[in-house]
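Next come the chains, spelled out residue by residue.
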Amino acid sequence: MALQSGTILTYSDATAQTTGVMKMDLEDVIDSQDPKDLPLKKFLGYSSFVAVNFNHEFAEENHPPITAAIGTAATGWNTADDITGLSVDDGDKFVLGDVCLTADGEIVIVSAVSTSANTIDVLARADCGSTQSNANTNADAINLIGNAQLESYTPGSYMRFYDRVRKNNYCQEFNEDIIVSDRMQETAQYGIPDEYARQLDKKTLRQAKFLEQAVLYGGAQVGSSTNPSTMQGIIGPGTTSTNINIQTNVTNAASAALTEDTLQDAMQTVYTAGGDPNTVMGGAFQCRQIDTFMQPYRRDTMEAETYGGVVSRYHSRFGNLAVVMNRYMQADDLVIFDKAQVKIGNFRNKSFAHYKLPKTTTAERGYINGSYTVMLHDEEWAAWVHTLSTS
């Protein structure tokens with residue numbers, strides 16, 4: 001073995017590729033693919049952040065609520081002189097002095113809160129000039145329309161704060177081996193000058209497609225010596241509060257066809273929760289359904305030689321949405337989100353790369369490897385409609 005003197009440079013070792021010393025970044029290979037094959041890559045990119053731990057964690061702060069609901073025992077709400085122990089869905093949503101408007105138009109002012117019993121006391125029924133209701137029912141909405149304190153109120157006597165929730169997702173290792181025999185590598189072929197390079201391109205695209213699907217439908221698994229760790233997809237399974245998938249605004253369409261009302265209802269739930277959606281993503285069939293929204297308003301002259309229509313953006317009061325067709329979405333699914341909510345990142349800059357293995361047999365050997373995860377911030381600001389009609 002020759003011993004070199006002086007400074008080692010990137011080109012000092014002419015056999016770096018064959019000995020496995022250096023890796024080859026595959027971003028260029030991925031970027032050269034048809035955007036229809038990798039719609040998330042085109043729309044979101046694969047390197048929005050770098051995870052420093054295989055269990056990527058981040059904190060989200062609960063947002064101050066502006067709505068609540070009557071609890072399971074609504075009887076007290078319909079009793080004229082009952083001002084204590086009024087049932088609510090979640091006592092944590094209320095503080096001293098909150099001014100509450102029920103769905104039936106009654107206004108009350110909170111005088112005390114029991115977070116353990118999920119009840120509130122009020123100063124009086126039918127306060128602020130409102131009329132006392134006898135029609136309040138379980139789960140009726142309560143709008144928090146303000147907070148009012150006495151002149152002699154002592155600041156700091158009723159301190160409250162909103163919890164932060166730690167969410168997490170696991171990094172998933174994507175790997176594919178490549179092996180081409182020397183004889184196959186040297187065999188002349190029509191249109192394929194380098195069989196190993198051909199296999200590298202094909203398998204790189206395959207792993208990128210797997211990543212696209214995992215970002216959508218993957219399920220979280222911590223991993224062990226016998227089971228690999230896997231990432232949680234944005235509409236994957238799981239109901240744990242620390243999961244990043246959409247759990248709050250989920251609609252079962254019960255095999256009904258996608259309509260503008262369905263789309264706007266989902267957008268409204270996101271808007272009501274505080275979100276600002278700008279993306280609707282679906283498979284080919286659901287995007288075709290969105291295209292049909294404009295059919296009743298299409299006008300063509302006799303001279304027109306082109307017919308058709310594609311809705312690339314859907315504008316409504318709740319947001320101006322880019323319509324993204326994704327071949328990896330299930331045919332009966334549709335998701336609505338803010339593009340800034342979803343970020344795909346890699347573990348310690350382990351984006352897809354090619355590693356050449358030392359030559360120990362009469363074959364060229366190597367592998368493709370990358371480690372990725374996905375984040376969905378504020379899942380209540382996104383929506384998922386499933387079980388839509390596909391015919």
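Residues numbered from 1 in each chain as written. Predicted model: local features only at pLDDT ≥ 70, side-chain atom pairs only at ≥ 80, totals over all residues. Heavy atoms only, no water.

**Quick word on the overall build of the protein**
For the protein, the helix and strand inventory stands at seven helices and 20 strands. At 29 Å, the protein has a C-alpha radius of gyration far larger than the 21 Å of a compact globule built from 391 residues. Each of the three principal axes of the protein carries a C-alpha extent, and together these read 95 × 70 × 35 Å. Per-residue burial for the protein yields a buried fraction of 42% across its 391 residues. About 21,500 Å² of surface is accessible on the protein, with carbon and sulfur atoms providing 52% of the total. Side-chain charges of the protein comprise 29 positive and 47 negative groups, with the mean position of each set lying 11 Å from the other. (Helix = DSSP H or I, 4+ residues; strand = E, 2+ residues; numbered from the N terminus. Rg over C-alpha atoms; globule rule 2.2 N^0.38 Å. Buried < 20%, exposed > 50% of the residue type's maximum accessible area, 1.4 Å probe, protein only. Areas by Shrake-Rupley, 256 points an atom, 1.4 Å probe, with all protein chains shown as cover. Lys, Arg positive; Asp, Glu negative; His and termini not counted. Charge placed at Lys NZ, Arg CZ, Asp CG, Glu CD.)

**Considering the sheet that holds strand 12 (residues 250–252)**
Strands sit in the order 12-20-16-13-15-14 across an open sheet of six strands; the sheet is mixed. On the outer flanks of this sheet lie strand 12 and strand 14 (313–316), each paired with one strand and no other. Geometrically, the sheet is characterised by an average inter-axis angle of 20° between neighbouring strands, direction not taken into account. In this structure, strand 16 (residues 334–337) lies alongside strand 20 (residues 383–386), joined through three bridges in antiparallel fashion. Bridge assignment links Leu334 to a residue of strand 20, and that residue is Val385. (Pairing = 2+ DSSP bridges. Axes fitted to C-alpha atoms, helices over the stretch in contact; angles between N-to-C directions.)

**Some thoughts on the confidence of the model for the protein**
Per-residue pLDDT for the protein averages 88, and the proportion of residues at 70 or more is 90%. Within the protein, the lowest mean pLDDT, 48, falls on helix 1 (residues 16–19), and the highest, 97, falls on strand 20. Counting contacts from residues 16–21, a segment whose pLDDT is below 50, to residues more than four positions away or on other chains yields 14 contacts. (pLDDT = per-residue confidence, 0-100. Contact = heavy atoms within 4.5 Å.)

**Overview of helix 6 (residues 260–272)**
In an α-helix, one turn spans 3.6 residues; hence positions three or four apart end up facing the same way. Over its 13 residues, helix 6 runs 18 Å from end to end, which matches the ideal 18 Å to within 8%, given 1.5 Å per residue. Where helix 6 is buried, its residues touch strand 13 (279–282), strand 14, strand 15 (319–325), strand 16 and strand 20. At the exit of helix 6 stands Gly274, carrying a positive phi of roughly 110°. (Expected span 1.5 Å × (residues − 1).)

**Observations regarding the side chain of Ser130**
For Ser130, the location among the structural elements is in the loop between strand 8 (119–122) and strand 9 (141–147). Here Ile107 takes part through its backbone nitrogen, which lies 3.0 Å from a polar atom of the side chain of Ser130. In contact with Ser130, other than residues within four places in its own chain, are Gly105, Glu106 and Ile107. (Polar contact = N/O pair within 3.5 Å; in protein donor to acceptor, adjacent residues only side chain to side chain.)

**Remarks on the sheet that holds strand 8**
In space, the six strands of this open sheet follow the order 4-9-6-7-8-5, with antiparallel pairing throughout. The open sheet is flanked by strand 4 (67–69) and strand 5 (86–87), the only strands paired with a single partner. Examined bridge by bridge, strand 4 and strand 9 share three bridges and lie antiparallel to one another. Bridging from a neighbouring strand, Ala69 pairs with Ala141 of strand 9.

**With respect to the packing of aromatic side chains**
Between two aromatic rings, the relevant description is the distance of the centres plus the angle of the planes. In this structure the tally under the stated criterion is eight aromatic pairs. Ring centres of Phe54 and Tyr170 lie 6.3 Å apart, and the angle between their planes is 25°; on these two criteria the pair is classed as stacked. A residue pair is termed long-range when its members are at least 10 positions apart, and Phe54 in the loop between strand 2 (50–51) and strand 3 (55–61) and Tyr170 in strand 10 (residues 164–170) qualify at 116 residues. A relative accessible area of 40% places Phe54 in the partly exposed class. With a centroid separation of 5.1 Å and an interplanar angle of 15°, the aromatic rings of Tyr355 and Tyr367 are classed as stacked. One end of the pair, Tyr355, is in strand 18 (residues 353–356); the other, Tyr367, is in strand 19 (residues 363–376), and 12 residues separate them in sequence. Taking the relative accessible area as the measure of exposure, Tyr367 reaches 25% and is therefore partly exposed. (Phe/Tyr/Trp six-rings, centres within 6.5 Å; stacked < 30°, edge-to-face > 60°.)

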